Amino acid sequence: MLALERIHLTYNPGTVREMGLFRDFSLDVPQGQYLSVVGSNGSGKTSMLNLLCGSLMPDAGRVLMAGKDITGQSEHVRARNIGRIHQNPAMGSCAGMSILENLALSGSKQKKMNLLPAVDRKQVARYKEMLAPLGLGLENMLEARAGNLSGGQRQALALIMAAMTPISCLILDEHTAALDPKTADTIMHLTDSLIHEKGITAIMVTHNLRYALDYGNRIVMMHQGQIVLDESDENKQALRLEKVLGLFNEISVECGN
Amino acid sequence: MQILSSFALALPSAVEQGLLYAVMALGVMITYLVLDFPDLTVDGSFPLGAVVSARLILAGTNPLLAMAASALAGALAGLVTGLIHVKLKVRDLFSGIIVMTALYSINLRLAGDSALLSLPRTSITLLRNNPVADILPRGYSTLIIALFAVFAVKVLLDLFFKTRAGFLLRAAGDNPQMVTALARDKGQVKILGLMIANALVALSGGLVAQEQRMFEISMGTGAMVLSLASVILGVNLLGKIEKMSVTLKVIIGAVLYKISVAFAIACGLKPGDLKVVTAALFLLILAAGLFPKGGKKHAGP
Ligand SMILES: Nc1ncnc2c1ncn2[C@@H]1O[C@H](COP(=O)(O)OP(=O)(O)O)[C@@H](O)[C@H]1O
Ligand SMILES: [Mg+2]
């Protein structure tokens, strides 16, 4: 579904801060795959997602979506098919707009930018139906400003908003890292059911090795712009936390983390 | 005592002026508060609106049509600034300065190579010598029409912010990343905002020209700072009142601003000193820490 092919990427080329991150990096995520990505800080996970989403252009190599070369396609065009959730829950909605307005906003994603009323009151029942299963009480506070929500509530809203219109890929960048453990579990659970329910391809970067092993059908570990572990299906299920943790500590020590 | 009496005398006209300039402040509110774009096009699009209206009124055009033409001209100026910024990737401040500079010459040309255009006392404008003004109480007719015009713009703007296009504009100011996530070109939304903003600015210029029955080439100098001061004044002074819409706060801010200027003049300042008063007031607002907070957070690239 999404693929990076022989990517080269150097940050700040020709300066003292020059940093070669990717040299001939490839990753293929087939349709329907649910991939967990782990790796030390600075191993290039976010950069990899940026390349996929189009917020970063490679120096060489290709980005493919459903077999089509989208290397030159801008970020907002790719966003028609890709939903992205960031670590910071504030990135996924508009602080000054109410929950209702935010939902209306994301509901108009594939529609024309025109002078029709943005909020359709007839949709309120549907919005409530979408929010109620979260168990966060959002369905009873549609008029509340998104900026006044807690981190967990706001991240849940972001997830709902991203998956409201049909997308083929969901990209998650440490989207539970800013939350307390209990809220993180709630959001992780919601994410998982959303991915299964909609049958979307998902790439989830996480610092939580437990999540990486428990969720998804493939795991990739990155280190200094390279893939150092890549297991799918039964092989992934056979992986023990201790083994992954051991490998993780090995590479972390190596880069002084 | 004399200060007070001359201030009282100037008050009605100050309120009237404030209302007409409030339309411009509403435009600047869009670029500054919503889009976080320091748009200097304003200093050129305000006189642009004025000269368009003045010329059309001189030619006997219906004042309402003249207003529409002013707004359209302003939208065009905003479009050019937007295209320069978005397509040619010129910095926001410079894009505005380029268009502002070009507009100086264009305005002069539109005025028939004259720095000053005066309309005869008998000309029919939106605020004077028209059937509506004739039935309104004498001495208050311009004030009432100005009030009506400003509130018409306010209501339309409030309605616009509830449309799909308006939502995108609000999203662009709130969280630019969201616009991309919604599969929209951030640049397009910016251009749309600049067009609407400068349409309002030029509309304001047209209103002022029709009220004062003149166009003067330098009437736009300091327009952006003046509007910004109005926006900041209104939004901060009335910030606590949650129920009041931002558009109303901006209108009140513009009126308060003009009243302060009238007071400064009553205290003995000459009209020529106005720009220094504008600058000083603006500085005061900034130094007093009245700058809007929390409005602009930049989501990283
Ligand atoms: N915009 C940037 N400019 C320069 N260097 C960057 C930039 N973004 C990331 N880097 C560098 O690239 C490396 C990988 O960063 P990143 O992709 O954010 O890693 P991760 O998400 O795995 O922590 C880091 O060393 C980081 O300093
Ligand atoms: Mg990262």
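The structure displayed is predicted, hence computed values, not measured ones.

1. Considerations on the overall build of chain B
In terms of regular secondary structure, chain B is built from 12 helices and two strands. If you list the helices and strands of chain B from N to C, you get α-α-α-α-β-α-α-α-α-α-β-α-α-α. Its C-alpha atoms give chain B a radius of gyration of 19 Å, near enough to 19 Å, the size a compact globule of 301 residues would have. With respect to the principal axes defined by its C-alpha atoms, chain B has extents near 55 × 45 × 35 Å. Counting over 301 residues, chain B shows a buried share of 52%.

2. Thoughts on the overall build of chain A
Along the backbone of chain A there are nine helices and 10 strands. Relative to a compact globule of 257 residues, whose C-alpha radius of gyration would be 18 Å, chain A shows 19 Å and is just as compact. Expressed along its principal axes, the backbone C-alpha trace of chain A runs to roughly 55 × 40 × 35 Å. Here chain A, with 257 residues, has 53% of them falling under the buried criterion. For chain A, the share of sequence-separated contacts (at least 6 apart) that also reach a separation of at least 24 residues comes to 68%. Approximately 11800 Å² of chain A is accessible, and the part contributed by carbon and sulfur atoms is 49%. With 25 positive and 26 negative side-chain charges, chain A shows a spacing of 8 Å between the two charge centroids.

3. As for the sheet that holds strand β7 (residues 169-173) of chain A
All names here are of chain A. Across the sheet, which stays open at both edges, the six strands sit in the order β6-β7-β8-β3-β9-β10 with mixed pairing between neighbours. The open sheet has two edge strands, β6 (82-85) and β10 (226-232), and neither has a second partner. For this sheet, the mean inter-axis angle between neighbouring strands, taken without regard to orientation, is 15°. Across four bridges, strand β3 (residues 34-39) lies against strand β8 (residues 201-205) in parallel orientation.

4. Observations concerning the site of ligand 1
Residues and elements named next belong to chain A. Surrounding ligand 1, one finds Tyr11, Asn12, Met19, Leu21, Ser40, Asn41, Gly42, Ser43, Gly44, Lys45, Thr46 and Ser47. In the model, a nitrogen atom of ligand 1 is placed 3.3 Å from a nitrogen or oxygen of the Tyr11 side chain. Taking Gly42, its main chain carries an N or O atom lying 2.7 Å from an oxygen atom of ligand 1. Here ligand 1, which alone exposes 560 Å², has 61% of that area covered by the protein. Where the shell around ligand 1 is concerned, the elements lending two or more residues are β2 (19-29) and α1 (45-53). The element that contributes the greatest number of residues to the shell around ligand 1 is α1, accounting for three residues. In terms of residue class, the shell around ligand 1 is built from three nonpolar, eight polar and one charged.

5. Some points on the interface of chain B and chain A
Tallying the contact residues gives 21 residues for chain B and 29 residues for chain A. Regarding the contact of chain B and chain A, the summed buried area is about 2300 Å², with carbon and sulfur atoms giving 64% of it. Taken as a group, Arg164(B), Phe167(B) and Arg184(B) account for 30% of the area that chain B buries against chain A, more than any other trio of residues on that side. Our count for the chain B to chain A interface comes out at one salt bridge. The residue Arg170(B) makes a salt bridge to Glu101(A) at a minimum N-O spacing of 3.2 Å. Applying the counting criterion to the chain B and chain A interface returns 12 residue pairs in polar contact (both at pLDDT 80 or more). The residue makeup of the side of chain B that touches chain A, split by class, is 11 nonpolar, four polar and six charged.

6. What about helix α6 (residues 181-198) of chain A?
Residues and elements named next belong to chain A. Along its 18 residues, α6 runs 26 Å from first to last C-alpha, staying within 8% of the 26 Å computed at 1.5 Å per residue. Residues of α6 that are buried: Ala184, Ile187, Met188, Leu190, Thr191, Asp192, Leu194 and Ile195. Tucked into the core, α6 has its buried residues touching β3, α5 (151-162), β7, β8 and α7 (209-214). One or two steps after α6, the chain reaches Gly199, where phi turns positive at roughly 60°.

7. Re helix α11 (residues 246-266) of chain B
Between its first and last C-alpha atoms α11(B) spans 30 Å; for 21 residues at 1.5 Å apiece the expected length is 30 Å, and the two agree. Backbone geometry just after α11(B) places Gly268(B) at a positive phi near 115°.

8. Looking at the pattern of salt bridges
By the definition in use, this model includes 10 salt bridges over all chains. Asp113(B) is the partner of Arg109(B) in a salt bridge, and the nearest nitrogen-oxygen pair spans 3.5 Å. For the pair shown, Arg109(B) and Asp113(B) are each scored as exposed. The network of salt bridges with common partners includes Glu5(A), Arg62(A) and Asp69(A).

9. A short note on the sheet that holds strand β4 (residues 60-65) of chain A
All names here are of chain A. With antiparallel pairing, the four strands of this open sheet are ordered in space as β2-β1-β4-β5. Whereas interior strands pair on both sides, the edge strands pair on one side only; in this sheet they are β2 and β5 (68-69). In this fold α1 packs onto β1 (2-11), β2 and β4, with an angle of close to 120° to the strand it touches most, β1.

10. Some words on the environment of Ser230(B)
All names here are of chain B. Tracing the backbone shows Ser230 in helix α10 (residues 223-237). Along the sequence, Ser230 and Met214 sit 16 residues apart, while their C-alpha atoms lie 23 Å from each other. The contacts of Ser230, once residues within four sequence positions are left out, are Ala25, Val250, Gly253, Ala254 and Tyr257. At 3.0 Å, the side chain of Ser230 and the backbone oxygen of Leu226 are in polar contact.

11. Some words on the nonpolar core
In terms of nonpolar packing, the biggest core is built from 133 residues, with Leu103(A), Leu105(A), Leu170(A), Met24(B), Met29(B) and Phe215(B) touching the most fellow members. Here this core gets 14 residues from one element, more than from any other, and that element is helix α1 (residues 2-34) of chain B. If sequence neighbours within four positions are ignored, Leu170(A) has contacts with Gly83(A), Ile85(A), Leu159(A), Ala162(A), Ile195(A), Ile200(A), Thr201(A), Ala202(A) and Ile203(A).

12. Looking at the side chain of Glu16(B)
Residues and elements named next belong to chain B. With respect to the helices, strands and loops of the structure, Glu16 is situated in helix α1. No salt bridge is formed by the buried Glu16; the nearest opposite charge belongs to Arg128, separated by 4.7 Å. Other than its neighbours up to four places away in sequence, Glu16 contacts Thr142, Leu143, Ala146 and Glu211.

13. With respect to the confidence of the model for chain B
Residue and element names in this part refer to chain B. The pLDDT averaged across chain B works out to 90; a share of 96% of its residues lies at or above 70. In the predicted structure, residues 293-301 sits below a pLDDT of 50 and forms 13 contacts with residues beyond four places in sequence or in another chain. Confidence metrics for the complex model read pTM 0.88 and ipTM 0.90.

Criteria and thresholds
Residues numbered from 1 in each chain as written. Chains lettered and ligands numbered in written order. Predicted model: local features only at pLDDT ≥ 70, side-chain atom pairs only at ≥ 80, totals over all residues. Heavy atoms only, no water. Helix = DSSP H or I, 4+ residues; strand = E, 2+ residues; numbered from the N terminus. Rg over C-alpha atoms; globule rule 2.2 N^0.38 Å. Buried < 20%, exposed > 50% of the residue type's maximum accessible area, 1.4 Å probe, protein only. Contact = heavy atoms within 4.5 Å. Areas by Shrake-Rupley, 256 points an atom, 1.4 Å probe, with all protein chains shown as cover. Lys, Arg positive; Asp, Glu negative; His and termini not counted. Charge placed at Lys NZ, Arg CZ, Asp CG, Glu CD. Pairing = 2+ DSSP bridges. Axes fitted to C-alpha atoms, helices over the stretch in contact; angles between N-to-C directions. Near = heavy atom within 4 Å. Polar contact = N/O pair within 3.5 Å; in protein donor to acceptor, adjacent residues only side chain to side chain. Nonpolar A, V, L, I, M, F, W, Y, C, P; charged D, E, K, R; others polar. Buried area = accessible area lost by both parts, 1.4 Å probe. Salt bridge = Lys/Arg side-chain N within 4 Å of Asp/Glu carboxyl O. Expected span 1.5 Å × (residues − 1). Core = buried A, V, L, I, M, F, W, Y, C linked by side-chain atoms within 4.5 Å. pLDDT = per-residue confidence, 0-100.

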